[in-house]
Amino acid sequence: MSDPDRPALAAILVQLRSRVDAHFAAAQARTPAAFACRSGCDTCCHQRFGVFAAEAEPIRRALADLSVRTPVLRARIREQADDPAHQHHCALLVDGACAVYGERPLICRSHGLPIAVADPAPRVDHCPLNFTSGPPPRESVLRLDAVNQPLAVLATLWDRADGEGDRPPARIALADLAREPDPARTP
């Protein structure tokens, strides 16, 4: 059996993102007062990280769309990638909001949720702004490996479609995506 092609892998990524979004929505509906997560809260965006190439692709498309729809915003994102005043914030964070929110990676979609982490010892972790009055309900906890394992397989297959072989999938810094030039437009 051959590996899935890029469109099939992109569809799987959309499904995985949808499942995490649904889990988040259900958890928030279950205990709305326990979540500080809402428009204007960007505490989890005060860091820099990378994503697999499979997740970088929809972000690239969103940035290309911004270059057409809102070129000033796209230029600002590019500048923020190297701005020392912005070095401890996601390069895609503009005025407290994600510039590519609809295409944000899985790590961003799961921030705020209580997550079960198995390494090095099993524990449940969550944003310190959430669940301040007590522990989260068990059914609201997202098992991080249930997201990371399929994402890692998807990323490996995505890279293999490029002929990258069986090496571990590389990560691409969001700041590197932010500073990429706009794609050439065809007339």
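For the structure, see preceding data.
No experiment lies behind these values; they were computed from the predicted model shown. (Residues numbered from 1 in each chain as written. Predicted model: local features only at pLDDT ≥ 70, side-chain atom pairs only at ≥ 80, totals over all residues. Heavy atoms only, no water.)

Caption draft 1: Up close: the environment of arginine 30. Here arginine 30 lies in helix H1 (residues 6-30). Those residues in contact with arginine 30 that sit more than four places away from it in its chain are Pro137, Glu139 and Ser140. (Helix = DSSP H or I, 4+ residues; strand = E, 2+ residues; numbered from the N terminus. Contact = heavy atoms within 4.5 Å.)

Caption draft 2: Quick peek at the side chain of serine 140. Relative to the helices and strands, serine 140 resides in the loop between strand S5 (123-125) and strand S6 (142-143). Each residue touching serine 140, except ones within four places of it in the same chain, is listed here: His23, Ala27, Arg30, Leu113 and Pro114.

Caption draft 3: Summary view of the sheet that holds strand S4 (residues 115-117). The mixed open sheet is built from three strands, whose spatial order is S5-S4-S6. Bordering the open sheet on either side are S5 and S6, each of which pairs with just one other strand. By the bridge criterion, two bridges tie S4 to S6 in an arrangement that is parallel. Within S6, the position partnered with isoleucine 115 by the bridge is leucine 142. (Pairing = 2+ DSSP bridges.)

Caption draft 4: Here's a closer look at the packing of H1 against helix H5 (residues 144-161). Interaxial distance between H1 and H5 falls to 10 Å at its minimum, and their mutual angle equals 165°. Viewed along their axes, H1 and H5 adopt a mutual orientation that is roughly antiparallel. Where H1 crosses over H5, the handedness of that crossing is left-handed. Residues Arg6, Leu9, Ala10, Ile12, Leu13, Leu16 and Val20 of H1 form the contact with H5, whose own contacting residues are Ala146, Val147, Pro150, Leu151, Leu154, Leu157, Trp158 and Ala161. The class makeup of the residues in the contact of H1 with H5 is 14 nonpolar, no polar and one charged. (Axes fitted to C-alpha atoms, helices over the stretch in contact; angles between N-to-C directions. Parallel < 35°, antiparallel > 145°, perpendicular 65-115°, else oblique. Left-handed = near helix turned anticlockwise from the far one by under 90°. Nonpolar A, V, L, I, M, F, W, Y, C, P; charged D, E, K, R; others polar.)

Caption draft 5: Quick look at H1. For H1, spanning 25 residues, the distance from its first C-alpha to its last is 36 Å, which sits close to the expected 36 Å at 1.5 Å a residue. Where H1 is buried, its residues touch helix H2 (53-69), helix H4 (106-110), S6 and H5. Capping the start of H1 is the job of one residue whose side-chain oxygen sits 3.0 Å from the backbone nitrogen of alanine 8: aspartate 5. (Expected span 1.5 Å × (residues − 1). Polar contact = N/O pair within 3.5 Å; in protein donor to acceptor, adjacent residues only side chain to side chain.)

Caption draft 6: Region of the structure containing the environment of arginine 74. You can see arginine 74 is positioned in helix H3 (residues 71-80). Taking the C-alpha atoms as reference points, arginine 74 and alanine 175, 101 residues apart in sequence, are found 13 Å from one another. Only 2.8 Å separates the side chain of arginine 74 from the backbone oxygen of alanine 178, close enough to count as a polar contact.

Caption draft 7: Local environment of the packing of aromatic side chains. Overall, the coordinates contain two aromatic pairs when judged by the stated rule. For the pair phenylalanine 24 and phenylalanine 35, a centre-to-centre distance of 5.5 Å together with 50° between the ring planes defines the contact as tilted. Of the two residues, phenylalanine 24 is situated in helix H1 and phenylalanine 35 in the loop between H1 and strand S1 (50-52); the sequence distance between them amounts to 11 residues. Summarising the aromatic geometry, the rings of phenylalanine 35 and phenylalanine 131 are spaced 5.1 Å apart at their centres and angled 70° between planes, so their arrangement reads as edge-to-face. With phenylalanine 35 in the loop between H1 and S1 and phenylalanine 131 in the loop between S5 and S6, this pair connects stretches of sequence that are 96 residues apart. Taking the relative accessible area as the measure of exposure, phenylalanine 35 reaches 2% and is therefore buried. (Phe/Tyr/Trp six-rings, centres within 6.5 Å; stacked < 30°, edge-to-face > 60°. Buried < 20%, exposed > 50% of the residue type's maximum accessible area, 1.4 Å probe, protein only.)

Caption draft 8: Region of interest: the layout of surface pockets. A volume near 660 Å³ is recorded for the largest pocket. Forming the walls of the largest pocket are 31 residues, and the residues nearest its centre are Cys41, Cys44, Tyr101, Arg104 and Cys108. Counting only elements with at least two residues in the lining of the largest pocket, the list comes to H1, strand S3 (97-98) and H4. Broken down by element, the lining of the largest pocket gets its largest block of residues, four residues, from H1. Along the lines of polarity and charge, the residues of the lining of the largest pocket split into 18 nonpolar, eight polar and five charged. (1 Å grid on protein atoms, 1.4 Å probe; cavity = no way out; pocket = protein on both sides within 12 Å on 5 of 7 lines; lining within 4 Å. Points joined across faces, edges and corners; volume = space filled by probe spheres on them.)

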